[in-house]
Every structure is written in structure tokens, then in C-alpha cells.
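# Examination of the molecular architecture
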Amino acid sequence: MTKLICILAIFSNIAFAQDLKLEDLGFKKETLKVDLQEQKSLETRSSMLSTHQILGLSALALMAATYLTAEEGAINPAEGKTQLGATDTHKYLGIAAGLTYFTAAGFSIFAPEPKNEKESTGSTKWHKRLAYIHFPAMVLTTILGLMADKQFKDGKTPSGLVAQKPLVANVAFLSMLAAGITMTFNF
Amino acid sequence: MKHLFVFITTLLLTTSVSALTLSGNYALTKGSLNYHVHYIVKHVQGKSTNVKGKGICKKAKCSFIVAAPIKSFVSKDSNRDVKMQTVTKAAQYPMVVVRVSSESTLNVNQTFNAQIKFAGVTKEYKNITLKAMGTNKAFSITGILKIKLSDFKIERPTLLAIAINDELPIDINLMFSR
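Counting restarts for each chain, with residues numbered from 1 along the sequence as it is written. Throughout, the order in which chains and ligands are written sets their labels, letters from A for the former and numbers from 1 for the latter. Restriction of local features to residues with pLDDT of at least 70 applies here, the model being predicted, together with a cutoff of 80 or more for giving and counting side-chain atom pairs; totals for whole chains, interfaces and linings are based on all residues. Side-chain measures were taken over the full set of non-hydrogen atoms in the model, leaving aside hydrogen atoms and water.

### With respect to the overall build of chain B
This is how it is decided: Numbering of helices and strands starts at the N terminus; helices are DSSP runs of H or I of at least 4 residues and strands are runs of E of at least 2. Here the term buried applies to any residue with accessible area under 20% of the maximum for its type, exposed to any over 50%, and partly exposed to those in between, with areas from a 1.4 Å probe on protein chains only. Any two residues whose heavy atoms approach within 4.5 Å at even a single point are treated as in contact.
A count of helical and extended segments in chain B gives 2 helices and 13 strands. Each of the 178 residues in chain B was classed as buried or not, and the buried ones make up 49%. Long-range contacts, defined as pairs at least 24 residues apart, comprise 60% of the intrachain contacts of chain B with a sequence gap of at least 6.

Structure follows, in C-alpha cells:
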């Protein structure tokens, strides 16, 4: 009996509270509007950015491996290597890193933007700013890598801008690492 | 005479603070809701000041409605806010609505029954203790509402395969006036 009275009391309280309507609070109509299309878009965006995150971290790991194998191409008379040139390991790791990087970038670039998107804040702001460094650096690294490979095949030592490839690649790697850190500690 | 004045003033102040008898209609004049998310050692907050509400007190009972748009909650990171809007289905269920009922006489530490509609799920919470202070013309309700994401079937965001805590304490800071 006591339980029944309690249930009735709670029910009457809640029923009383129903007298007050959300529509009477003065929110704008568009604030209360249900937009299923936008929800779908948000979910697509979230899924694409998750893939972007996984591929971005994979690209970073491949870039680190490419960096670590870069020295294998150096001249080393003790090992009988008298001509400068990238090893296949370095070359294929570079190709894999580049492909993964540009795929990851695509998932971010083509992810649908949120409706009424405001200016980025916090770590996201820095993550986006860093893309202005690592994206051109990665494009340049790829082009310089192809040019260097051609020069090696022609028996030449890289010169001019091609000789700067390690520097450009380092800029790409470090800015990518920084971009990864800003978002890895964000959820 | 001076002692009598001090005694009466103290008595009046104590009375107004210890119990508050409400009657009539009330409107929320100022308010904020502040959620807290915990992830291992990291703590994140998101705040909304776009909170609106009303209250009616009659026949010794009061009922209040307080609502805020999900999109109005901002943390210090825009990407996190969009992620929060995604998992809470903000476009499909744009508002968080709290309906509270209580007796019309509020004590400083008052227990309330609340019905929360969030992310398309309605959940009832009983005997929530909040602090009520002020007069019957203007009063504040403050406290922490301890809800769980699982109560509202909200998928918890993860980082490196570890999900954020299920508990989502919400700081309530509401000012009502007649």
C-alpha cells in the first residue's frame, strides 16, 4: 500500500510537471528543429574522422620507419657501398607512408562539415594549422623523392632542391608528429 | 534594543535561508549547466549558459522545467563539441529537458524528483539533493546532478580503445524569480 501511494505521489508530481511545455520557454524555432539529415551528416563525419585518425597514426608510424631507414642509402665503403642511393626498404616505406598520408588527408578534407560551423578552438585549431605545414611538405617530399630516385638511377648525386629532400621530409615528419599529438590527447 | 534588533535580523535571515515557501509562477533569469567528462587522468568540462526555464507553484507543490540546446554546450575544443553533438544525437534530439517536482517549501538541502529527457531517452531520478537559497521572490538552485551516459544509451567516445567514464556529473546553477 505504501509503495502504491509513493508511486501515485511520484506520478502526480511528474504529471504536474508536464503542464510546463518546452515550447513555452522562448527558444527559437530553429533551435528546437529536428534535422535527421544533419544527424546523418554528423555520423558520417565522425566515422570519416575516426578513419582519418587511424590512418594518420599509421602514416606517422610509416614515416618514422622511412626516416629510420634513410641512412641505409648513405655511402659506406666498409660495406662496399660506394654510390649514394636509397634502399628499396626506404623507397617502399616512403611510398607506403605517402599513400597512407594522402588517404588520411582525404578522409579529413572530404568529411562533411558540421552545420553552422564555428571557428576551430583548442587542439583542433592547432591540428588544422599544422596541416598547412605538413601537407605542402609531404607533397614536396614526394616530388623530391621521385626526382632523387631518377637522379640516383642516372648515376648522379642529388643536387639543388633535391638535395634538400631530407630537410623537407623532416619538416613533414615533425609537423605531422605535432599534429598527431594534438589530437591523440583529445577525444 | 540593539540586541533585540540583532536577534530579529538573525531570526529573519535564518528563516529565509532554512526554508523557502514558493507560490505563483517563476521564470529562470540566469542559469548555467556544466558537464564534466573524465578520461583516466584527463578532465574536460562543457558549459551552456543558454538555459531557459519556468516554474509553477500551486497547491503546496512546485514544478519546474529547465532546458538547454545540446549545441549550446561548449568545451575548449571545437572538435570535441562536434563529437559530443554526434554521440548525443544533437540534430535529432536538440534539447536536454529537465522537469523537476518538489514540495513548495524548499529547505536549504532540498530533495527533488527529476525527469530528464536527453538524447531521445527519458530517465527519472529520485531524491536528488540540491541547494535552494533565497526568498520566495528570487531564489537559486545549485548542486550536482549525477547522471550516467549509459542511462541515456549514449555511446561513450573512446581514445586508444579506452572509453571515457560513464559518469557525467552536471553542475546546476539556476536563478529563478517571480
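What follows continues from the structure just given.
### Let's talk about empty space enclosed by the protein
Residue and element names in this part refer to chain B. What counts here: In this analysis, the protein atoms alone were mapped onto a 1 Å grid. Cavities are point sets where a 1.4 Å probe fits without being able to get out; pockets are open sets with protein on both sides within 12 Å along at least five of seven lines; lining residues have an atom within 4 Å of a point. Grid points are joined across faces, edges and corners, and a volume is the space filled by probe spheres set on the points. Classification used: nonpolar for Ala, Val, Leu, Ile, Met, Phe, Trp, Tyr, Cys and Pro, charged for Asp, Glu, Lys and Arg, polar for all others including Gly.
Within the structure shown, the criterion is met by 1 cavity of 30 Å³ or more. Of the volumes computed, that of the largest cavity is approximately 520 Å³. Lining the largest cavity we find 35 residues, and of these Tyr35, Phe118, Ile147, Leu168 and Ile170 sit closest to its centre. Of all the secondary-structure elements, those providing two or more residues to the lining of the largest cavity are strand 2 (24–39), strand 5 (61–69), helix 2 (78–87), strand 6 (95–103), strand 8 (109–118), strand 9 (121–134), strand 10 (138–148) and strand 13 (167–177). Broken down by element, the lining of the largest cavity gets its largest block of residues, 5 residues, from strand 13. Counted by class, the lining of the largest cavity contains 32 nonpolar, 1 polar and 2 charged residues.

### Side note on the packing of aromatic side chains
Aromatic ring pairs are defined here through the distance separating the ring centres and the angle between the ring planes. This is how the line gets drawn: Only Phe, Tyr and Trp rings are paired, with Trp represented by its six-membered ring, and only when their centres lie within 6.5 Å; those with planes under 30 degrees apart are stacked, over 60 edge-to-face, the remainder tilted. To sit over a ring, a charge needs its Lys NZ or Arg CZ within 6 Å of the ring centre and within 35 degrees of the ring normal.
Applying the stated criterion across every chain, the model contains 11 aromatic pairs over all chains. Ring plane angle 85 degrees and centroid distance 5.1 Å describe the contact between Tyr101 of chain A and Phe102 of chain A, whose orientation is recorded as edge-to-face. On the numbers, 5.8 Å between centres and 85 degrees between planes, the contact of Phe102 of chain A with Phe135 of chain A is edge-to-face. Remark: Phe135 of chain A occurs in helix 5 (residues 123–153) and Phe102 of chain A occurs in helix 4 (residues 88–109); sequence separation between them is 33 residues. Taken together, Tyr26, Phe64, Phe139 and Phe176 of chain B form an aromatic cluster joined through their ring pairs. Across the ring face of Phe27 of chain A, the terminal group of Lys52 of chain B is positioned such that the distance to the ring centre comes to 5.1 Å.

### Thoughts on the state of the cysteines
Residues and elements named next belong to chain B. What counts is decided by this rule: Two cysteine sulfur atoms form a disulfide, by the criterion used here, when they sit within 2.5 Å.
In total, this model carries 1 disulfide over all chains according to the counting rule given. The disulfide partner of Cys57 is Cys62, and the S-S distance across this bridge is 2.0 Å. When the S-S torsion is 115 degrees, as for the bridge of Cys57 with Cys62, the disulfide is right-handed. The residues Cys57 and Cys62 share a single accessibility class, namely buried.

### Brief notes about unusual backbone geometry
All names here are of chain B. For Ala119, which is not a glycine, the phi torsion comes out positive at approximately 55 degrees. Along the polypeptide, Ala119 turns up in the loop between strand 8 and strand 9. Exposure remark for Ala119: the relative accessible area of 6% places this residue in the buried category. A positive phi is found at Asn127, a non-glycine position, where the angle reads about 55 degrees. With respect to the helices, strands and loops of the structure, Asn127 is situated in strand 9. For Asn127, a relative accessible area of 58% gives the class exposed.

Geometric descriptors of this kind do not, in isolation, establish any biological role.
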